[in-house]
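Understanding the architecture of this molecule
Take a look at the letters that make up each chain.
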Amino acid sequence: MRLLWLTHFVPYPATGHGALQRTHHLLRVAAERHEVHLVALSRPEHAAEWAEARAALGAWCASVAIIAAPGTAGRQGRVAAAARGALAGASYWERLFDAPAAHRALRALLGAHRFDAAHVDTVFLAPYLADLGDVPVVLVHHNVESDLLAKRAAQAGGVAGAYFARQARRTAHLERTLAVRVAENVVVSALDGERLRALAPNAPVTVVPNGVDVDFFRPAPGTAVRPRSLVWAGGMDWFPNADAIDWFADTLWPALSAQRPDRSATIVGRGAPASAVALAARDPRVRVTGFVDDVRPYVHGADVYLCPIRVGGGTRLKILDALAMGRPIVATSIGVEGLGLTPDVHYLDANDPDALVAAVTRLEDDPALGARLAAAGRAYVEAHFAWPSVGEALHAAYARAGGGPPAPGDRVVDGRPAA
């Protein structure tokens with residue numbers, strides 16, 4: 001098949017946020033079987049990085065176009081995007097990613113080639129669907145965005161909560177409208193499939209789960225592990241992650257450090273919130289690294305991987321990475337939702353400060369338990385989340401969108417995976 005890919009960021013390198021990792025690896029597995037033409041939006045200030053990205057992605061793709069999205073350029077651009085969205089009754093993000101040059105690039109590709117399907121990487125790229133004409137669209141939902149925005153509104157309250165509630169309503173309308181118009185909707189979990197079908201009961205929905213590079217992320221036997229050490233790894237410029245670390249800094253760490261003063265914690269990733277930075281400044285037991293090129297040494301060297309997410313949707317690539325590295329995990333139920341993990345088999349479940357302290361203590365005091373969880377977690381991701389096997393579900397979605405024969409794959413039927 002000949003595929004047109006449109007994405008709202010440059011999917012290279014694969015060391016950024018979770019959606020970037022997912023798109024990077026799905027693009028790679030798609031290009032192994034199909035002819036892919038990529039159009040990627042980018043912040044103008046990242047232009048110096050485009051040449052390297054074009055060369056790397058060009059090794060897989062038949063063509064690569066990287067287009068500056070002016071709406072993403074600094075605070076001024078984002079404020080202008082918000083104003084345009086308000087005037088048009090559209091969501092903020094639709095206007096953020098709407099770039100005239102990208103429309104021109106799409107029309108040029110469509111004039112030069114006949115495409116069997118178009119992969120559109122978020123509902124917020126809706127302004128480009130008119131350019132695609134009668135090309136069947138596979139619309140990707142990294143999260144059911146309206147659900148995530150509604151949760152953020154409830155968490156924020158006040159003026160901010162009212163703003164996000166309005167964005168949630170606009171986004172729900174967009175999802176409801178587009179989900180029944182496109183040829184296929186791709187979600188990351190059966191739970192997100194249920195959420196989308198609640199908005200649009202007749203929408204065609206396919207589950208293509210998040211995955212993990214099980215060769216890159218693997219156990220490191222013999223690594224020196226720091227006793228009573230915790231680690232978090234994830235970009236905190238995404239609200240659910242920032243909220244998790246705010247909770248950790250304000251509530252969880254005081255409880256953890258009071259119970260066992262010799263504990264330490266490392267927070268890895270870009271965009272650490274002010275609460276974490278201030279905590280690290282006053283408490284030498286806490287380290288904030290910022291962005292790192294390779295999270296593996298930090299995760300391998302920690303006693304416990306902690307995921308205190310309270311708000312979210314989709315599934316957590318950071319959890320899959322930690323499982324693949326054979327690390328024992330303490331997480332909230334929301335932190336692992338959509339992955340099919342079993343508490344006390346693959347991880348320890350903890351949804352409040354007391355439970356979290358108790359779970360961390362269990363792992364510190366029972367190394368055999370940690371080893372059992374780690375082995376079971378590694379086996380689980382090898383069986384269900386290696387990218388080549390995940391890619392089969394994506395290929396099936398493309399085939400259905402392009403009029404090929406139906407395949408069971410991970411098709412959602414009435415909100416549940418097909419048998």
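In what follows, the accompanying structure is described. Residue indices follow the written sequence of each chain, beginning from 1 at its first position. Totals for whole chains, interfaces and linings use every residue, but because this is a predicted model, local features are given only for residues with pLDDT of at least 70 and side-chain atom pairs only at 80 or more, for both listing and counting. Water and hydrogen atoms were dropped before computing side-chain values, which therefore reflect all heavy atoms in the structure.

**Some details on the sheet that holds strand E3 (residues 63–68)**
When DSSP finds two or more bridges between two strands, those strands count as paired. Numbering of helices and strands runs from the N terminus, with a helix taken as a DSSP run of H or I at least four residues long and a strand as a DSSP run of E at least two residues long. Strand order in this open sheet of seven strands is E3-E2-E1-E4-E5-E6-E7, and the pairing throughout is parallel. Each end of this open sheet is capped by a strand with a single partner; those strands are E3 and strand E7 (205–207). Going across the sheet, the axis of each strand differs from the next one's by a mean of 20°, ignoring polarity. Contact between two residues is taken to exist if any of their heavy atoms lie within 4.5 Å; hydrogens are not considered. With axes taken as lines fitted to C-alpha atoms, and helix axes fitted only over the stretch in contact, angles between N-to-C directions fall between 0 and 180 degrees. Seen against the sheet, helix H1 (residues 18–33) touches strand E1 (2–7), strand E2 (35–42) and strand E6 (184–187) and runs at an angle of roughly 170° to E1.

**Remarks on the nonpolar core**
Joining through side-chain atoms within 4.5 Å is the link that ties buried Ala, Val, Leu, Ile, Met, Phe, Trp, Tyr and Cys residues into a set, and such a set is a nonpolar core. Exposure classes here rest on a 1.4 Å probe applied to the protein chains alone. A residue is buried below 20% of its type maximum, exposed above 50%, and partly exposed in between. If you look at the biggest cluster of nonpolar residues, it comprises 56 residues, and the most contacted ones within it are Leu230, Phe248, Leu256, Tyr305, Ile319 and Val330. Ignoring anything within four residues of it in the chain, the contact list for Tyr305 reads Val231, Ala233, Val299, Lys318, Ile319, Ala322, Arg327, Pro328, Ile329 and Val330. In this structure, Tyr92, Ala102, Phe164 and Ala168 belong to the second largest nonpolar core, which totals 35 residues.

**Here we look at the packing of aromatic side chains**
Pairing of aromatic rings covers Phe, Tyr and Trp, the last through its six-membered ring, and needs centres within 6.5 Å; plane angles under 30 degrees mean stacked, over 60 mean edge-to-face, and all others mean tilted. Evaluated as defined, the whole model comprises six aromatic pairs. With centroids separated by 5.3 Å and ring planes inclined at 35°, the aromatic side chains of Trp93 and Phe124 adopt a geometry described as tilted. Taken together, the positions of Trp93 in helix H4 (residues 92–96) and Phe124 in the loop between strand E4 (117–120) and strand E5 (137–141) put the pair 31 residues apart, joining distant regions of the chain. When the ring of Phe216 is compared with that of Phe217, the centres are 4.8 Å apart and the planes differ by 85°; the resulting orientation is edge-to-face. In this structure Phe216 comes out as partly exposed when scored by relative accessible area, which is 36%. The exposure class of Phe217 is buried, given its relative accessible area of 10%.

**Quick notes on the pairing of E4**
By the alternation rule, side chains of E4 split into Ala117 and His119 and Ala118 and Val120, which are all buried. The pairing of E1 with E4 spans four bridges and is parallel. Of the residues in E4, the one forming a bridge with Leu4 is Ala118. Alignment of E4 against E5, held across three bridges, turns out to be parallel. When the bridges of E5 are listed, Ala118 appears paired with Val137.

**Considerations on the sheet that holds strand E10 (residues 286–290)**
Spatial strand order, E10-E9-E8-E11-E12-E13: six strands in an open sheet with parallel pairing. With one partner strand each, in any of the chains shown, E10 and strand E13 (348–349) form the two edges of the open sheet. Strand direction decides the pairing type here: strand E9 (residues 264–268) and E10, joined by four bridges, are parallel. Residue pairing across strands places Thr266 opposite Arg287, the latter belonging to E10. Contacting strand E8 (226–233), strand E11 (302–307) and strand E12 (329–331), helix H12 (residues 317–324) runs over the sheet at an angle of about 155° to E11.

**A word on the side chain of Ser257**
Take Ser257: it is sitting in helix H9 (residues 239–259). Residue classification places Ser257 among the buried positions, given a relative accessible area of 11%. In the analysis that follows, any N or O atom pair within 3.5 Å is treated as a polar contact, provided that within protein one partner can donate a hydrogen and the other can accept it, and provided that, for residues neighboring in sequence, both atoms belong to side chains. One polar contact links the side chain of Ser257 to the main-chain carbonyl oxygen of Pro254, over a distance of 3.4 Å.

**Overview of H12**
Since the α-helix packs 3.6 residues into each turn, any two residues three or four apart lie on the same face. Buried residues dominate H12, accounting for eight of its eight residues. Of all the positions in H12, only Leu317, Lys318, Ile319, Leu320, Asp321, Ala322, Leu323 and Ala324 are classed as buried. A positive phi of about 70° marks Gly326, the residue just after H12.

**Details of the pattern of salt bridges**
Should a side-chain nitrogen of Lys or Arg be within 4 Å of a carboxyl oxygen of Asp or Glu, the pair is scored as a salt bridge. Within the structure shown, the criterion is met by 21 salt bridges. Among the ionic pairs, Asp262 bridges to Arg228, the shortest N-O distance being 3.1 Å. Within this pair, whereas Asp262 is found in the loop between H9 and E9, its partner Arg228 is found in strand E8, the two being separated by 34 residues in sequence. Using a relative accessible area of 47% as the deciding quantity, one classes Asp262 as partly exposed. The salt bridge partner of Glu364 is Arg263, with a shortest N-O separation of 2.9 Å. You can see Glu364 sitting in helix H13 (residues 353–365) and its partner Arg263 sitting in the loop between H9 and E9, a full 101 residues away along the chain.

**Quick notes on the packing of H9 against H13**
Between H9 and H13, whose axes approach to 10 Å, the crossing angle comes to 50°. Relative to H13, the element H9 is oriented oblique. Considering the relative orientation of H9 and H13, their crossing is right-handed. Between H9 and H13, the residues in contact are Trp247, Thr251, Leu252, Ala255, Leu256 and Gln259 and Pro353, Leu356, Val357, Val360 and Thr361, respectively. Just so you know the grouping, Ala, Val, Leu, Ile, Met, Phe, Trp, Tyr, Cys and Pro go in nonpolar, Asp, Glu, Lys and Arg go in charged, and all remaining residues, Gly too, go in polar. For the contact of H9 with H13, the residue count by class is eight nonpolar, three polar and no charged. Here the angle decides the label: under 35 degrees means roughly parallel, over 145 means roughly antiparallel, 65 to 115 means roughly perpendicular, and every other value means oblique. The sense of a crossing depends on the near helix, which, turned anticlockwise from the far helix by less than a right angle, makes the crossing left-handed and, turned clockwise, makes it right-handed.

**Regarding the environment of Arg176**
Topologically, Arg176 is positioned in helix H7 (residues 158–179). Classification of Arg176 as partly exposed rests on a relative accessible area of 39%. Linking Arg176 and Leu199, residues 23 residues apart in sequence, is a C-alpha distance of 5.4 Å. Discounting chain neighbours no more than four positions away, the residues touching Arg176 are Leu199 and Ala200.

**Describing the packing of helix H6 (residues 145–156) against H7**
The geometry of a pair of packed helices is captured by two quantities: the angle between their axes and the separation between those axes. Running from amino to carboxyl end, H6 crosses H7 at an angle of 165°, the nearest separation of the two axes being 8 Å. Our classification of the angle between H6 and H7 gives roughly antiparallel. Two packed elements cross with a definite hand, and for H6 against H7 that hand is left-handed. Listed contacts from H7 to Glu145, Ser146, Leu149, Ala150, Arg152, Ala153 and Ala156 of H6 are Gly158, Ala160, Gly161, Phe164, Ala165, Gln167, Ala168, Thr171, Ala172 and Glu175.

**Considering unusual backbone geometry**
Along the chain, Tyr12 connects to Pro13 via a cis peptide bond; the corresponding omega equals -10°. Within the secondary structure, Pro13 sits in the loop between E1 and H1. For Arg228, which is not glycine, the phi dihedral falls at a positive 55°. For Arg228, a relative accessible area of 26% gives the class partly exposed. If you check the backbone angles, Asp344 has positive phi at about 70° while not being a glycine. Within the secondary structure, Asp344 is located in the loop between E12 and E13. Its relative accessible area of 46% is what places Asp344 among the partly exposed residues.

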